[in-house]
Amino acid sequence: MDYGELLLDIRWKAKSNQIKDRDGKKCLNCGETKFLQVHHRQYHYINALRDYKKPWDYPHDVLITLCKACHDQGHKQFKVPTIKI
């Protein structure tokens, strides 16, 4: 499965809803309450598997709620670091 397909998985939908609830259902950058997405502040590459962690397998502390505009802008300005584990 490609990354876009993984984001449609019920496990990601459940995890992203948990993060949105934790963050008060608003963008933690601008306060917007519409078009919310959950951003991975880092990616984890598992050397033994030669693959990335599944989106829902990340700890809560590396996930943050952003609106689509802030999420898109953040990806334009910054490169998300990849941590090899």
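Below or above, wherever it landed, is the structure these notes cover. (Residues numbered from 1 in each chain as written. Predicted model: local features only at pLDDT ≥ 70, side-chain atom pairs only at ≥ 80, totals over all residues. Heavy atoms only, no water.)

1. Observations regarding the pairing of strand E2 (residues 43-46)
Sheet analysis places E2 next to strand E5 (residues 82-84), joined by three bridges and oriented parallel. Among the inter-strand pairings, Tyr 43 is bridged to a residue of E5, identified as Thr 82. Sheet analysis places E2 next to strand E3 (residues 51-52), joined by two bridges and oriented antiparallel. Bridge pairing in E3 links Ile 46 to Asp 51. (Pairing = 2+ DSSP bridges. Helix = DSSP H or I, 4+ residues; strand = E, 2+ residues; numbered from the N terminus.)

2. Things to note about the sheet that holds E3
An order of E3-E2-E5 is seen for the three strands of this open sheet, with the pairing classed as mixed. Edge strands, defined here as strands with exactly one partner in the open sheet, are E3 and E5.

3. Here's the deal with the nonpolar core
Where a protein is soluble and globular, its nonpolar side chains tend to be buried together. With eight residues, the main nonpolar core is built from Leu 6, Trp 12, Ile 19, Val 38, Trp 56, Tyr 58, Val 62 and Leu 63. The contacts of Val 62, once residues within four sequence positions are left out, are His 39, His 40, Arg 41 and Gln 42. Within the second largest apolar cluster, six residues are counted, among which are Cys 27, Ile 64, Leu 66 and Cys 67. (Core = buried A, V, L, I, M, F, W, Y, C linked by side-chain atoms within 4.5 Å. Buried < 20%, exposed > 50% of the residue type's maximum accessible area, 1.4 Å probe, protein only. Contact = heavy atoms within 4.5 Å.)

4. A few points about the environment of Cys 70
Here Cys 70 shows up in helix H3 (residues 68-77). Note: C-alpha distance between Cys 70 and Leu 36 (34 residues apart in sequence) is 9.5 Å. Those residues within four positions of Cys 70 in sequence are excluded, and the remaining contacts are Cys 27, Asn 29 and Cys 30.

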